[in-house]
Amino acid sequence: MRIKFILASALGALMLSESAFGLSCARPDLVRTLEEAKDSPKIYHILVGRFKSVSREPAYPKMGPNMPPEDQFKPRPPRIMQSYFEGYSLAKTPHQDWPLSRYPVDIEVSCMGPWCSSVPSPDRQLIAFVEARPGLPPILKISPCPGKTFEADGKQVQKIRQCLDKKCASEEPNWR
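Residues numbered from 1 in each chain as written. Predicted model: local features only at pLDDT ≥ 70, side-chain atom pairs only at ≥ 80, totals over all residues. Heavy atoms only, no water.

**Some thoughts on the overall build of the protein**
The helix and strand tally for the protein stands at 4 helices and 8 strands. Going from the N terminus to the C terminus, the protein shows its helices and strands as α-α-β-α-β-β-β-β-β-β-β-α. For the protein, buried positions account for 32% of its 176 residues. Look at the contacts in the protein between residues 6 or more apart in sequence, and 74% of them connect residues 24 or more apart. Of the accessible surface of the protein, which amounts to about 11,300 Å², a share of 58% is contributed by carbon and sulfur atoms. (Helix = DSSP H or I, 4+ residues; strand = E, 2+ residues; numbered from the N terminus. Buried < 20%, exposed > 50% of the residue type's maximum accessible area, 1.4 Å probe, protein only. Contact = heavy atoms within 4.5 Å. Areas by Shrake-Rupley, 256 points an atom, 1.4 Å probe, with all protein chains shown as cover.)

**Quick notes on the packing of aromatic side chains**
Under the defined criterion, the tally for this structure stands at 2 aromatic pairs. Ring centres of Phe51 and Phe85 lie 5.0 Å apart, and the angle between their planes is 55 degrees; this geometry places the pair in the tilted category. Separated by 34 residues along the polypeptide, Phe51 in strand 1 (residues 44-53) and Phe85 in strand 2 (residues 79-89) bring together distant segments of the chain. Classification of Phe51 by relative accessible area gives buried; the value is 1%. Plain terms: the ring middles of Phe129 and Phe150 are 6.2 Å apart, the flat faces sit at 80 degrees to each other, and that makes the pair edge-to-face. With Phe129 in strand 6 (residues 126-133) and Phe150 in strand 8 (residues 149-151), the pair connects residues that are 21 residues apart, well separated along the chain. Residue classification places Phe150 among the buried positions, given a relative accessible area of 8%. The ring of Tyr84 has Arg102 sitting right over it, with the charged end atom 4.0 Å from the ring centre. (Phe/Tyr/Trp six-rings, centres within 6.5 Å; stacked < 30°, edge-to-face > 60°. Lys NZ or Arg CZ within 6 Å of the ring centre and 35° of its normal.)

**Focus: the pairing of strand 7 (residues 136-142)**
When strand 3 (residues 98-109) meets strand 7, the two strands line up parallel, connected through 4 bridges. By the bridge assignment, Asp106 is partnered in strand 7 with Ile139. Pairing between strand 6 and strand 7: 2 bridges, direction antiparallel. Following the sheet pairing, Glu131 is matched in strand 7 by Ile139. (Pairing = 2+ DSSP bridges.)

**Focus on the state of the cysteines**
On inspection of all chains with the given rule, the structure shows 3 disulfides. The disulfide partner of Cys111 is Cys116, and the S-S distance across this bridge is 2.0 Å. On the sign convention where negative means left-handed, the S-S torsion of about 100 degrees between Cys111 and Cys116 marks this disulfide as right-handed. Disulfide partner of Cys163: Cys168, at an S-S distance of 2.0 Å. The sign of the S-S torsion, about -100 degrees, decides the handedness of the disulfide formed by Cys163 and Cys168: left-handed. Here Cys163 matches Cys168 in class, with each residue buried. (Disulfide = S-S within 2.5 Å.)

**Considerations on helix 2 (residues 30-39)**
Leu30, Val31, Thr33, Leu34, Glu35 and Ala37 are the residues of helix 2 that are buried. Where helix 2 is buried, its residues touch strand 1, strand 6, strand 8 and helix 4 (154-163).

**So, the side chain of Glu35**
Mapped onto the secondary structure, Glu35 falls in helix 2. Within polar-contact distance, the side chain of Glu35 engages the backbone nitrogen of Cys168 at 3.0 Å. (Polar contact = N/O pair within 3.5 Å; in protein donor to acceptor, adjacent residues only side chain to side chain.)

**Thoughts on the packing of helix 2 against helix 4**
Close contact between helix 2 and helix 4 brings their axes to 11 Å; oriented N to C, the two are set at 35 degrees. Relative to helix 4, the crossing made by helix 2 is right-handed. Two secondary-structure elements touch here, helix 2 through Leu30, Val31, Leu34, Glu35 and Lys38 and helix 4 through Gln156, Lys159, Ile160 and Cys163. Of the residues in the contact of helix 2 with helix 4, the class split is 5 nonpolar, 1 polar and 3 charged. (Axes fitted to C-alpha atoms, helices over the stretch in contact; angles between N-to-C directions. Left-handed = near helix turned anticlockwise from the far one by under 90°. Nonpolar A, V, L, I, M, F, W, Y, C, P; charged D, E, K, R; others polar.)

**Re the pairing of strand 6**
Counted residue by residue, strand 6 has 6 buried out of 8 residues, so it is predominantly covered. Of the strand pairs in this sheet, strand 1 and strand 6 are connected by 6 bridges, and their pairing is antiparallel. Note on strand 6: the bridge partner recorded for Gly49 is Leu126. Where strand 6 folds back on strand 7, the antiparallel hairpin that results is connected by 2 residues, among which Gly135 adopts a positive phi of roughly 75 degrees.

Right, dumping it as structure tokens:
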């Protein structure tokens, strides 16, 4: 009887522990994301720069001690936040890049259980894959598992330029 109680207690603690439900994401890979975008029937633009949110409020309320545990796992629909983009649309060569200022981009944030994404910080220079939409601003879809935004540095930007018009293999192991 005592063993059953110990097992039941341990199982209960495990079920209530946030770490037991830790979000496991595949490591984001720039080249893989580029190849997926090129293979997609959707049209993607590659933007390099910063996003500035129109709204000051967070997309989702913060999890905390005042939130009942059962509410942390309730499904929440994606939210679309308005933002402006400052930077450029990436092209094959730097002189073909298209400068963008106050360019409207919608950002869709979503949750997986208690883990929610957020609008990128305006302090971060990013490479972003945004989906074109007829008659609407393009949309950047951000989930709690990263994959559509990457830190922008010269090496990453150059890698994309080299791969825009040819197939490239990921530098990550076990991919194509």
